[in-house]
Structure formats: structure tokens, C-alpha cells
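One-letter residues, chain by chain:
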Amino acid sequence: MIKILIADNHPIVRMGVKQVLESVSDIQVIADASTTTELFNKLELFTPDVILLEMDIPEINGIATLRKIKKEYPNIRVLIYSGQSEDVYALSTIRAGAFGYLSKTSEIDYIISAIRKVSEGNMFITNELAQRLAFDEGTQKPRRFFRKLSTREVEVLKLLASGKRNKEVAQGLDLNEKTVSTYKARLMRKLNVDNLVDLLQQAKALELY
């Protein structure tokens, strides 16, 4: 039996995913959580094989939450699922330790296949993402820039794009404010812009908001 913990801040999504998974004979949903605080409280009580983690779960962003899980619960496998652009976020989450990335637009069978594959210790990416990775950057120019960004730079860019100031970004990622300024300067250089407005336009092109 594959034990699952669902972490998503939308009650209807949690309920829907739970109902789907509970209809599968070899999968058991043992807990769910709507925030990162609730998630880590549940992890003190339950030991899932796989966490189905929404990228935009409240309080701590998905990548930071993923890193914390990998540090504190290294044997639990994490499958990220999100409505965010797959070709932008999948690589970052996999770099941060996720076993796979699943779009919320995926078919139900994909979710079940992904959970089974990840529970066995294998990576899971959709056919669509595999094609993008294989043929890479033939079309949309902004995403070509994205390949240059580290996981941490993506986190900083996403928070800046959501309207956070340097101090708030620093608090959200547990960084020094000066370090955030360094990341911002590095992002501007890598994305070939020289001001915050253009940087946020690049973030929009990357579908970060």
C-alpha cells in the first residue's frame, strides 16, 4: 500500500484528489494539509511514502518547503503538482529534490502513474515535459533565459514578481537582505535587464505571475 499525504491549500482540490486516490486499491491517503505549518505538524504524526505537494502552498513557497522536507525527512519522496507553467518550474523542483512534477491539467491516470513510479524511487516527468527537455529551446525566447537560473534565483524572482520587497524576500527565504540584493543583481545580469520594471516583465514572460 502506497501511503500519501496531500498538501494543497484548496479544500476542493484536496477532496477531489483524495476521492480519486482512495478509489485505487494500492493507494491510501493517510493525511492532508492546507499550509506548510500544518504539513510539518502532520509529518510528526504520519509517515507517508509520497507527499503530493502543491507548488504554491501558503506560508513557505513550494521549493523552500521541498528543501525542508528533504532535509528533515530524507526518506519521503515528494511529487510536486501545480497549475504553474511546467516547463519553467519542473527543472527547478527536480533540482531541489523532487521526484517529479505534475501539472494540475494532467489526466487522472497520470496522477496515479506518477504516484506509483515515485513511490518506487523513480523520477516522473510527463511526456510533454520529456519532449521539451529533449528538444529544448526551439521556440519561446524568454524560457531560454530561464535555463541559466539556479533554483534559488527562481525563488527570489518569483517572490519579487509577486510584489515582495527585498526585506520580505529575505524573510521568506531565510536569507540576509544583502544576499537578496546580490541575487537581484545576478538576475538582472542573466536576464539581460538593468532595472526592476524590466526584470518583472521578464518574470511575466516566464509566467511567474
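Cut-offs and rules
- Residues numbered from 1 in each chain as written.
- Predicted model: local features only at pLDDT ≥ 70, side-chain atom pairs only at ≥ 80, totals over all residues.
- Heavy atoms only, no water.
- Core = buried A, V, L, I, M, F, W, Y, C linked by side-chain atoms within 4.5 Å.
- Buried < 20%, exposed > 50% of the residue type's maximum accessible area, 1.4 Å probe, protein only.
- Helix = DSSP H or I, 4+ residues; strand = E, 2+ residues; numbered from the N terminus.
- Contact = heavy atoms within 4.5 Å.
- Phe/Tyr/Trp six-rings, centres within 6.5 Å; stacked < 30°, edge-to-face > 60°.
- Lys NZ or Arg CZ within 6 Å of the ring centre and 35° of its normal.
- Pairing = 2+ DSSP bridges.
- Axes fitted to C-alpha atoms, helices over the stretch in contact; angles between N-to-C directions.
- Polar contact = N/O pair within 3.5 Å; in protein donor to acceptor, adjacent residues only side chain to side chain.
- Parallel < 35°, antiparallel > 145°, perpendicular 65-115°, else oblique.
- Nonpolar A, V, L, I, M, F, W, Y, C, P; charged D, E, K, R; others polar.
- pLDDT = per-residue confidence, 0-100.
- Right-handed = clockwise from strand over helix to strand, strands pointing away.

**Regarding the nonpolar core**
In a soluble, globular protein the nonpolar side chains are often hidden away together inside.
And step 1. Membership of the largest hydrophobic core comes to 40 residues, with the highest contact counts inside it found for Leu39, Ile51 and Leu53.
And step 2. In terms of residues, this core owes the most to one element, helix α8 (residues 151-161), which gives six residues.
And step 3. Excluding its chain neighbours within four sequence positions, the residues that come into contact with Ile51 are Leu5, Leu39, Leu43, Ile69, Ile76, Arg77, Val78 and Leu79.
And step 4. Listed in part, the 20 residues of the second largest apolar core include Ile111, Ala114, Val118 and Phe124.

**Description of α8**
And step 1. Taking burial as the measure, the 11 residues of α8 include 11 buried ones, the bulk of the element.
And step 2. Of the residues making up α8, those classed as buried are Thr151, Arg152, Glu153, Val154, Glu155, Val156, Leu157, Lys158, Leu159, Leu160 and Ala161.
And step 3. Of the residues trailing α8, Gly163 is marked for its positive phi of about 100°.

**Points about the packing of aromatic side chains**
Here a ring pair, both rings aromatic, is described through the centre-centre distance and the interplanar angle of the planes.
And step 1. Tallied over the full model, the rule gives one aromatic pair.
And step 2. Here Tyr110 and Phe124 contribute two aromatic rings whose centre-to-centre distance is 6.0 Å and whose plane-to-plane angle is 75°, an arrangement assigned as edge-to-face. Residue Tyr110 is found in helix α5 (residues 108-119), and its partner Phe124 is found in the loop between α5 and α6 (127-135); the two are separated by 14 residues along the sequence.
And step 3. Residue classification places Phe124 among the buried residues on the basis of a relative accessible area of 6%.
And step 4. Note that Lys68 overlies the ring of Phe40, its terminal NZ or CZ placed 4.8 Å from the centroid.
And step 5. Lys104 extends its terminal NZ or CZ atom over the ring of Tyr81, reaching a point 5.2 Å from the ring centre.

**Quick look at the sheet that holds strand β4 (residues 77-82)**
And step 1. With parallel pairing, the five strands of this open sheet are ordered in space as β2-β1-β3-β4-β5. Edge positions in the open sheet fall to β2 (27-33) and β5 (100-103), since each of these has one partner strand only. Here the strands of the sheet are splayed against their neighbours by 25° on average, with no regard to which way each runs.
And step 2. The pairing of strand β1 (residues 2-7) with strand β3 (residues 50-54) spans four bridges and is classified as parallel. Paired with Ala7 across the two strands is Leu53, which belongs to β3.
And step 3. Most of the contacts of helix α1 (residues 11-22) go to β2, to which it runs at about 165°, and overall it touches β1, β2, β3 and β4.
And step 4. With respect to the sheet, helix α3 (residues 62-72) is in contact with β3 and β4, its orientation differing from that of β3 by roughly 160°.

**A word on the environment of Glu72**
And step 1. Checked against the element boundaries, Glu72 lands in helix α3.
And step 2. In this structure, the C-alpha to C-alpha distance between Glu72 and Phe40, residues 32 residues apart in sequence, is 9.7 Å.
And step 3. A polar contact is formed between the side chain of Glu72 and the side chain of Lys68, at a distance of 2.8 Å.

**Concerning the packing of α3 against α8**
And step 1. The N-to-C vectors of α3 and α8 enclose an angle of 140°; their axes lie 9 Å apart at closest approach. Relative to α8, the element α3 is oriented oblique. Packed against α3, whose contacting residues are Ile63, Ala64 and Arg67, the element α8 presents Thr151, Arg152 and Glu155 at the interface.
And step 2. For the contact of α3 with α8, the per-class residue count stands at two nonpolar, one polar and three charged.

**Section: the confidence of the model for the protein chain**
If pLDDT is low for a region, its predicted coordinates should not be looked at in detail.
And step 1. Residue-level pLDDT values for the protein chain average 83, and 83% of them are 70 or greater.
And step 2. Within the protein chain, helix α7 (residues 141-146) has the poorest average pLDDT of any element, 48, and β1 the best, 97.
And step 3. Contacts for the low-pLDDT stretch residues 133-143, under 50 throughout, to residues beyond four places or in other chains number 15 contacts.

**A closer look at the pairing of β1**
Put simply, side chains in a regular strand alternate between the two faces of the sheet.
And step 1. Counting buried positions over the six residues of β1 gives five, a clear majority of the element.
And step 2. As defined by bridge partners, β1 adjoins β2 across six bridges and the pair is classed as parallel. The partner of Lys3 across the bridge, within β2, is Gln28.
And step 3. Handedness of the crossover joining β1 and β2 through α1 is recorded here as right-handed.

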